[in-house]
Amino acid sequence: MMFLRSLQPIASCSRSASRILPPVAARGPRLTRFVTTRTTPYHINGQTYPLDDHSNVPPTILAKLDRNLHLNPSHPISILRSIIESHFSTFTPVTPSSPILTVTQNFDDLGFTPDHPGRALSDSYYLNKNHVLRTHTSAHEIETYQKGLNQWLLTADVYRRDEIDSSHYPVFHQMEGASVWPSSELYKLPQMNAELASKLAECPLIIEDTSSISPENPYQKSHDPEHAAQITQHLKHSLNSLIFRLFGPIATKDGEPLRIRWIDAYFPFTSPSFEVEVWWDGDWLELLGSGVMQQPLLNRAGVPDKSGWAFGLGLERLCMVLFSIPDIRLFWTEDPRFISQFTPGQITPFKPYSKYPPVTRDVSFWIPDASKKGVTQWHENDYCEIVRDVAGDLVETVQLIDEFTHPKTGRRSKTYRLTYRSMDRNLLNDEISGLQSEVERRTISEMGIEIR
Ligand code: PHE
């Protein structure tokens, strides 16, 4: 996708299927409308954002805008950030001030086609048709090059509408890293690459590079192929060494080498583009998207003489693995038993303070028929949004457990199992019944579903 779904933690999801395909003639943005029920404009940090038919940011999400987990030194997200910053010690750390960006900054400037699925209202949060909550840290590439920085690491919260389970949350954190060189310095790359390669050769590491330069994943025409190859090498060596720094100590404990895999990918703002995975717990874990910066983007940033690479890494996914954190909602808990366990600068396993019992509810309903005039296309993310809006972090998973089409009427039915569980306390049955009926009331009135 535009976005590696990978960068959202662990479980794969709808977006990853498109990740290596250019969004040519893609399914256009889904025209779902989950328009917020609010009636007054958004007021955020002294700015007013008038509502329109794009506005879909609910209060639960607005409340996350100033949590800044990545800036709290004892929080695992911040601990990981500073470990990566110390690994890339010559890179300048950058923290953008606001997650509210224009659609131009988040999508257009990076070369997203007008019909790119990442722009869909079902997948992104819009304050109105001109402003989104940033969906990825790449949205800050241009402004950071404009500042004149050549090597930088930018960490921020990013927002994507999503399904609900233990590894997906509508707010998560990404780190964007980049290294660019003025053309007069590119001659240094072979030497730097040789040094990096010799350090890597000492590490117990197997690198499976399945990527290849091809018409689908080419060097750019405006680049000297020699230089493009050197930049690509430098990107690969740099990220291999970071991944070994993070995973090596744990992964190689049993004497096995760490396995890293490089595969071809597609992003509108890099070419060639790659995705990187690490062999973890018997499976390939997607870690990051990366590539050689598209030259037109650097030209637009006012640095046409520079070229180089960038990557974007999802921090929650990495933290869940490295700190053994079982549920993504824990990152957001304000229970001191969570945060007090961690020490700045150290990766230590999370010790669950307790596991409270889940409460489940099943609900079956007919979904509205979108072929009828005026009826909106059903989208699961809209349903999840209402569930989160009502139940907040008490909802653990929303799982589709059955669906069928009525043979005579052609109506479609879905059955979802909602699992509620608190990270911090026991739930009361009555409390959940109250939440469940509010979910039903809102899905009936806002989505037009009919309970079976
Ligand atoms: N922004 C991309 C994503 O969200 C990741 C990426 C960053 C890819 C930088 C290439 C270069 O998936």
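The structure displayed is predicted, hence computed values, not measured ones.

Cut-off values and rules
Residues numbered from 1 in each chain as written. Predicted model: local features only at pLDDT ≥ 70, side-chain atom pairs only at ≥ 80, totals over all residues. Heavy atoms only, no water. Helix = DSSP H or I, 4+ residues; strand = E, 2+ residues; numbered from the N terminus. Buried < 20%, exposed > 50% of the residue type's maximum accessible area, 1.4 Å probe, protein only. Contact = heavy atoms within 4.5 Å. Axes fitted to C-alpha atoms, helices over the stretch in contact; angles between N-to-C directions. Parallel < 35°, antiparallel > 145°, perpendicular 65-115°, else oblique. Left-handed = near helix turned anticlockwise from the far one by under 90°. Nonpolar A, V, L, I, M, F, W, Y, C, P; charged D, E, K, R; others polar. UniProt positions renumbered as here; feature names shortened; annotations may be inferred. Pairing = 2+ DSSP bridges. Domains from an automatic or database assignment. Buried area = accessible area lost by both parts, 1.4 Å probe. Salt bridge = Lys/Arg side-chain N within 4 Å of Asp/Glu carboxyl O. Core = buried A, V, L, I, M, F, W, Y, C linked by side-chain atoms within 4.5 Å.

Asks: Would you mind showing me how to read the overall build of the chain here?
Replies: Secondary structure summary: the chain contains 11 helices and 17 strands in total. In terms of principal-axis extent, the alpha carbons of the chain reach across some 70 × 50 × 50 Å. The buried share among the 452 residues of the chain stands at 55%. At a minimum sequence separation of 6, the contacts of the chain that also span at least 24 residues come to 71%.

Asks: Sorry, what's going on with the environment of F267 here?
Replies: Counting through the fold element by element, F267 comes out in the loop between β10 (258-264) and β11 (270-280). Taking the relative accessible area as the measure of exposure, F267 reaches 6% and is therefore buried. Separated by 39 residues in sequence, F267 and A228 have C-alpha atoms that sit 17 Å apart.

Asks: Can you walk me through the packing of helix α6 (residues 225-251) against helix α8 (residues 315-322) in this structure?
Replies: The description of two helices packed together rests on the angle between their axes and the distance between the axes. The interhelical angle for the contact between α6 and α8, taken along N-to-C directions, is 20 degrees, at an axis separation of 11 Å. Overall, the two elements α6 and α8 adopt an arrangement that is roughly parallel. The chirality of how α6 crosses α8 is left-handed. Only L318, V321 and L322 of α8 make contact with α6, whose side of the interface consists of L246, F247 and I250. Residue composition of the contact of α6 with α8, grouped by class: 6 nonpolar, no polar and no charged.

Asks: Could you clarify how one ought to interpret the UniProt feature "domain: FDX-ACB" (unreviewed entry) in the chain in this entry?
Replies: Per the UniProt record, "domain: FDX-ACB" (unreviewed entry) is found at residues 354-452. Secondary structure content for residues 354-452 is 31% helix and 30% strand, and the end C-alpha separation is 36 Å.

Asks: Would you explain the sheet that holds strand β8 (residues 171-182) in this entry?
Replies: Two pairing modes exist for strands in a sheet, parallel and antiparallel, and in both the strands are linked by backbone hydrogen bonds. Pairing is mixed in the open sheet, where 8 strands are placed in the order β3-β7-β8-β13-β12-β11-β10-β9. Strands with a single pairing partner mark the edges of an open sheet, and in this sheet they are β3 (92-94) and β9 (205-209). Sheet twist, expressed as the mean angle between neighbouring strand axes with direction ignored, is 20 degrees. Both β8 and strand β13 (residues 306-314) contribute to a ladder of 9 bridges, which runs antiparallel. By the bridge assignment for β13, W181 is matched with S307. Seen against the sheet, α6 touches β8, β9, β10, β11, β12 (283-293) and β13 and runs at an angle of roughly 145 degrees to β10.

Asks: Explanation requested: the domain arrangement of the chain in the structure shown.
Replies: How big an interface is tends to be stated in terms of the accessible area lost upon association of its parts. As assigned here, the chain comprises domain 1 (64-99 + 134-213 + 223-340) and domain 2 (356-451). Centre-to-centre separation of domain 1 and domain 2, based on C-alpha positions: 36 Å. In this assembly, 16 residues from domain 1 lie in contact with 17 residues from domain 2. Together domain 1 and domain 2 conceal approximately 1,400 Å² of surface at their shared face, both sides included; 44% is due to carbon and sulfur atoms. Contact with domain 2 buries area across many residues of domain 1, yet R161, I164 and R329 alone supply 55% of it, more than any other trio. Applying the counting criterion to the domain 1 and domain 2 interface returns 3 salt bridges. Across the pair D382 and R161 runs a salt bridge whose closest N-O atoms are separated by 2.9 Å.

Asks: Would you mind going over the nonpolar core with me for this structure?
Replies: Core analysis: the largest hydrophobic core is formed by 68 residues, its most contacted members being I84, I243, L246, F247, L258, I325 and F331. Among the elements that take part in this core, α6 stands out by supplying 9 residues, more than any other. Sequence-distant contacts of F247, that is, excluding residues within four places in its chain, are made with L258, V278, W280, L285, L287, L318, V321 and L322.

Asks: Would you take a moment to explain the pattern of salt bridges for this structure?
Replies: Between side chains of opposite charge, a pair can form as their charged atoms come close. Summed over all chains, the structure comprises 21 salt bridges. D389 is paired through a salt bridge with R442; the nearest N and O atoms lie 3.1 Å apart. Residue D389 is located in helix α10 (residues 380-391), and its partner R442 is located in helix α11 (residues 429-447); the two are separated by 53 residues in the primary sequence. When sorted by exposure, D389 lands in the same class as R442, which is buried. Between R442 and E446 there is a salt bridge, with the nearest N and O atoms lying 2.8 Å from each other. Residue R442 and its partner E446 are both found in helix α11; the two are separated by 4 residues, about one turn of the helix. A residue is classified by how much of its surface remains accessible, and R442, at 10% relative accessible area, is buried.

Asks: Just checking my understanding: could you explain the pairing of β13 for this structure?
Replies: One face of the sheet, then the other: side chains in a regular strand alternate in exactly this way. Burial within β13 is extensive, with 9 of its 9 residues counted as buried. Taking every second residue as pointing to the same face, both faces of β13 are buried, with K306, G308, A310, G312 and G314 on one and S307, W309, F311 and L313 on the other. Pairing geometry for β12 and β13, over 5 bridges, is antiparallel. Note that in β13 the partner of L288 across the bridge is L313.

Asks: Just to check I follow, could you spell out the sheet that holds strand β14 (residues 359-366) for this structure?
Replies: In space, the 4 strands of this open sheet follow the order β15-β16-β14-β17, with antiparallel pairing throughout. Taken across any chain shown, the strands that pair with only one partner, and hence form the sheet edges, are β15 (395-405) and β17 (450-451). Bridge count for β15 against strand β16 (residues 412-420) is 9 bridges, and the pairing is antiparallel. From the neighbouring strand, T397 faces β16, where its bridge partner is T419. Where α10 meets the sheet, its contacts fall on β14, β15 and β16, and the angle it forms with β15 comes to roughly 145 degrees. Here α11 sits on the sheet in contact with β14, β16 and β17, set at roughly 20 degrees to β14.

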